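Residues per chain are reported as follows:
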Amino acid sequence: MATTTEAEQVTPVGEDSSWYERLKHNRNWLGFLFMVPAAAILLVFLAYPLGLGVWLGFTDVKVGRPGQFVGFDNYAWLLEDDVFWLSVFNTFLYTVVASIFKFAIGLWLAVLLNRHMPFKSFLRAIVLLPFIVPTVLSALAFWWIYDSQDSVISWTLIEMGLIERPIDFLGDPNNARASVIVANIWRGIPFVAITLLAGLQTISPSLYEAATIDGANEWQRFWRITLPLLTPIIAVVMTFSVLFTFTDFQLIWVMTRGGPINATHLMATLSYQRAIIGGSLGEGAAIATAMIPFLLAAILFSYFGLQRRKWQQGGVDD
Amino acid sequence: MLKSTRRDFVKGASSLALGAAFASPALIEAARAWAAESPWKPEDGAKLRMLRWKRFVQSEGEAFQASLDAFTKATGVEIRLDSEGFEDLRPKAAVAANIGSGPDVIWGIHADAHLYPDAMLDITDVCDHLGGKYGGWYPIAEHYGKGRDGKWINLPITISGNLINYRKSMVQKAGFDKIPDNTADFLKLFQNLKKNGSPGGFALGNASGDGNCWTHWILWSHGGRVVDENDNVVVNSPETVAGLEYVKELGENFVQGTASWLDGHNNKAFLQGACSVTNNGISIYAAAVREGMKDVAEDMDHAFYPVGPVGEPTEFHVAFPMMPYKHTKYPNAVKALLAWLMEKEQYDAFLQGSVGYLSHSLKAFQEHPVWTEDPKRTVFRDVAQRSRSFAHAGTLGYAASTVFADFVVVNMVAEVATGARSPQDAAKRAQKRAERYYKV
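S.K.: Outline the overall build of chain A, listing residues and values.
M.R.: When helices and strands are counted, chain A shows 15 helices and zero strands. In terms of overall size, chain A is more extended than a compact globule, its C-alpha atoms giving a radius of gyration of 27 Å where 318 residues would be expected to give roughly 20 Å. Seen through its C-alpha atoms, chain A measures out along the principal axes to roughly 100 × 70 × 40 Å. Taken over 318 residues, chain A has a buried fraction of 40%. Expressed as a percentage of contacts within chain A between residues at least 6 apart in sequence, the contacts between residues at least 24 apart total 65%. By element, 71% of the accessible surface of chain A is carried by carbon and sulfur atoms, the whole surface being about 18200 Å².

This is the structure:
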């Protein structure tokens, strides 16, 4: 009897109930409803600006003036524009070299900081400093370090009798490229080091103990235990690191503005110069859009390459 | 009487710790008398929003604020004043034009009003009135102020001078009493300075102010130009190549590091004595005075750029016009404000507060004492009458702005000065880059 009463109290969702009642109790519909706010935010704040940026790349819109659809005109011009190609070269050089160094030094620092040592917490905090300092401030510091007359590096080397005149850090194209890459490495290392350190701390010490009992030396322990178990984190960290480096703007803008003679212009800085300062929004958007395939490739490489689980566990992927 | 009170006020205001500035009773009284006679009567309940670039010097900002304050007290028009860096201000000015909303007046840079002339309020009556009252506008002011149909679309309130800064002792040691007035001797000066171990130098990096100013001078001084009167790109010319040949020789004598110099580098090098001759506004001198660097302040001076083979001044100085937007709900209030700011009492105080950073665009202010009380400022008095626009010899608009912003001339000169390209190749490349924006 009681069962009957309870059953009667439940709102019937049968063929004769209203569509609203049916919808209200439909789990799929409710799931969709809960996703709507997040989806709306993604659409409005991510998908729409991205779509608009891509669209602008196909127009000749100027700042303050609506433009017309011009098809691939902007891209056709960029193909012939040697400043654009120089910025592509610079961006790749900057990203590849800086990322390799950031990974190598970051991993090395993470392994060092994972050991028991005096003042461990203090040292870990110190390593984070370059990441905490605002980018513009660190760029200004490097601006002084690389000064053509008063560089502290040049001064030290002159005092030591190793060179006779100051090094032209930012005036020579190759020196300038190397200098901005060093600044980026300095700034990016803490992110890699601290994140990898977090990853290292998730590895069970018993694995190392077992390996030591089996006679594995330090290098073998690193190669057979640390690296494979760290790979998922490395994948994530390096994906972000590559994305940050590829889209870097502030360091270059403060230190060189893309000079000398565009030798340090990255795609991001050239896009800003053309779109905002020059007013050619369409062309600037085309340069920014041209970055997307490279960024997607970096993400896909990380996703499909570094996150293969069998490979991480020492096996072979299908 | 009023002038004296006004100056006293400005001097007093400079010492205000918070930098706030309020109009003196005398100034408010003058504003009330002016408002009663002004042909532009602000609308009832008018409120204005103004956006300007961040001030160079505190005294200029305070003088300007005091003028606004007096205007508010005399007319009842409330004014909200915001400030931004140049590069943040330009996109905002464009967006305001694009969407028809935002500040009523933007005090901008260069010739942005010419990018969206239809969004600008016609202020021909104000500018004609001011021109008639104050001896007329300099041609460069008219060039920047008027749209293509001859109507005034922005108020060319001031031009900021960019001239040769030099160390007198070093120049004298190099065999010259002062900066030579012709480019041939100027080259000899640079060669001698280098021999003496006290080289000069100009910014070759992407320096939007100093870099653009000196490279346009050198291009024009030899008869080169980016476009002709019909906006045909003509930068790849024998005249340009001649100018670049000159740059090649001049650049060999530059102090090390100029290829990376941005706008601030030459100031620093000059103040430290590492650079004997460069181009700049009056800011190096002002900094030397402000910081108590007596040796530098006393030993330095300013000069016009030397005249090249074309036989006339070919200088480029930066314009800072005020852009009144058509979308304003209070056009009469805007016109009244612009007129008030340019009236003698306000403009005198503005020039005085600017201490040479900013120069007048109306001829009547040629005799202002700010230009003679310190002889080292005097050359900055004449920059409006000597300046060409960056669009020379063509029209102001998108193409000229983009070529300018993309450092086409700066890069061309830098390529030659650093030996990266021959003069011929650099001119050809600049031609191709400029043609893109002039849509050949």
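S.K.: Pulling in residues and values, what's your account of the overall build of chain B?
M.R.: Counting its secondary structure elements, chain B contains 19 helices and 11 strands. By its C-alpha atoms, chain B is 65 × 55 × 35 Å across when sized along the principal axes. Within chain B, buried positions represent 63% of all 440 residues. Of the accessible surface of chain B, which amounts to about 15800 Å², a share of 50% is contributed by carbon and sulfur atoms. The distance from the centre of the 48 positive side-chain charges to the centre of the 51 negative ones in chain B is 2 Å.

S.K.: An account of the pattern of salt bridges is needed here, citing residue identities and associated values.
M.R.: Per the counting criterion, the structure on display carries 31 salt bridges over all chains. Among the ionic pairs, Glu218 of chain A bridges to Arg115 of chain A, the shortest N-O distance being 2.7 Å. Residue Glu218 of chain A is located in helix H11 (residues 218-246), and its partner Arg115 of chain A is located in the loop between helix H5 (82-113) and helix H6 (120-132); the two are separated by 103 residues in the primary sequence. Of the residues examined, Arg115 of chain A reaches a relative accessible area of 42% and is grouped as partly exposed. Here Asp382 of chain B and Arg381 of chain B are joined by a salt bridge, their closest N and O atoms 3.1 Å apart.

S.K.: With reference to specific residues and values, describe the interface of chain A and chain B.
M.R.: Contacts between chain A and chain B engage 43 residues on the former and 37 residues on the latter. For the pairing of chain A and chain B, the buried interface totals around 3400 Å² over both sides, and the portion due to carbon and sulfur atoms is 49%. Across the contact surface, chain A and chain B share seven salt bridges. Residue Arg429 of chain B pairs with Asp82 of chain A through a salt bridge whose shortest N-O separation is 2.9 Å. At the junction of chain A with chain B, the criterion picks out 19 residue pairs in polar contact (both at pLDDT 80 or more). Mapped by element, the contributors of at least two residues to the side of chain A that touches chain B are helix H4 (73-80), H5, helix H7 (135-145), helix H12 (250-255) and helix H13 (267-277) of chain A. At five residues, H13 of chain A tops the list of elements feeding residues into the side of chain A that touches chain B. Taken together, the residues of the side of chain A that touches chain B sort by class into 17 nonpolar, 14 polar and 12 charged.

S.K.: I'd like a description of the nonpolar core, backed by residues and values.
M.R.: Tyr116, Leu155, Phe186, Trp214 and Met322 of chain B are the most contacted members of the largest nonpolar core, which totals 166 residues. In contact with Trp214 of chain B, not counting residues within four places along its chain, are Phe202, Ala203, Leu204, Leu250, Phe254, Asn279, Tyr305 and Val413 of chain B. Leu107, Leu109, Phe191 and Leu266 of chain A belong to the second largest nonpolar core, which has 36 residues in total.

S.K.: Outline unusual backbone geometry, listing residues and values.
M.R.: With an omega of -5°, the peptide bond between Gly259 of chain A and Pro260 of chain A qualifies as cis. Structurally, Pro260 of chain A can be placed in the loop between H12 and H13. Of note, His110 of chain B is a non-glycine position whose phi angle comes to about 60°, a positive value. Following the sequence through the fold, His110 of chain B ends up in the loop between strand E3 (105-107) and helix H5 (124-133).

S.K.: Give a description of the environment of Phe246 of chain A that names residues and reports values.
M.R.: Residues and elements named next belong to chain A. Position of Phe246 among the secondary structure elements: in helix H11. Take Phe246: its relative accessible area is 4%, and that puts it in the buried class. Linking Phe246 and Asn90, residues 156 residues apart in sequence, is a C-alpha distance of 9.9 Å. Contact partners of Phe246, with chain neighbours within four places excluded, come to Thr91, Phe92, Thr95, Met267, Met291, Phe294 and Leu295.

Calculation notes
- Residues numbered from 1 in each chain as written.
- Chains lettered and ligands numbered in written order.
- Predicted model: local features only at pLDDT ≥ 70, side-chain atom pairs only at ≥ 80, totals over all residues.
- Heavy atoms only, no water.
- Helix = DSSP H or I, 4+ residues; strand = E, 2+ residues; numbered from the N terminus.
- Rg over C-alpha atoms; globule rule 2.2 N^0.38 Å.
- Buried < 20%, exposed > 50% of the residue type's maximum accessible area, 1.4 Å probe, protein only.
- Contact = heavy atoms within 4.5 Å.
- Areas by Shrake-Rupley, 256 points an atom, 1.4 Å probe, with all protein chains shown as cover.
- Lys, Arg positive; Asp, Glu negative; His and termini not counted.
- Charge placed at Lys NZ, Arg CZ, Asp CG, Glu CD.
- Salt bridge = Lys/Arg side-chain N within 4 Å of Asp/Glu carboxyl O.
- Buried area = accessible area lost by both parts, 1.4 Å probe.
- Polar contact = N/O pair within 3.5 Å; in protein donor to acceptor, adjacent residues only side chain to side chain.
- Nonpolar A, V, L, I, M, F, W, Y, C, P; charged D, E, K, R; others polar.
- Core = buried A, V, L, I, M, F, W, Y, C linked by side-chain atoms within 4.5 Å.

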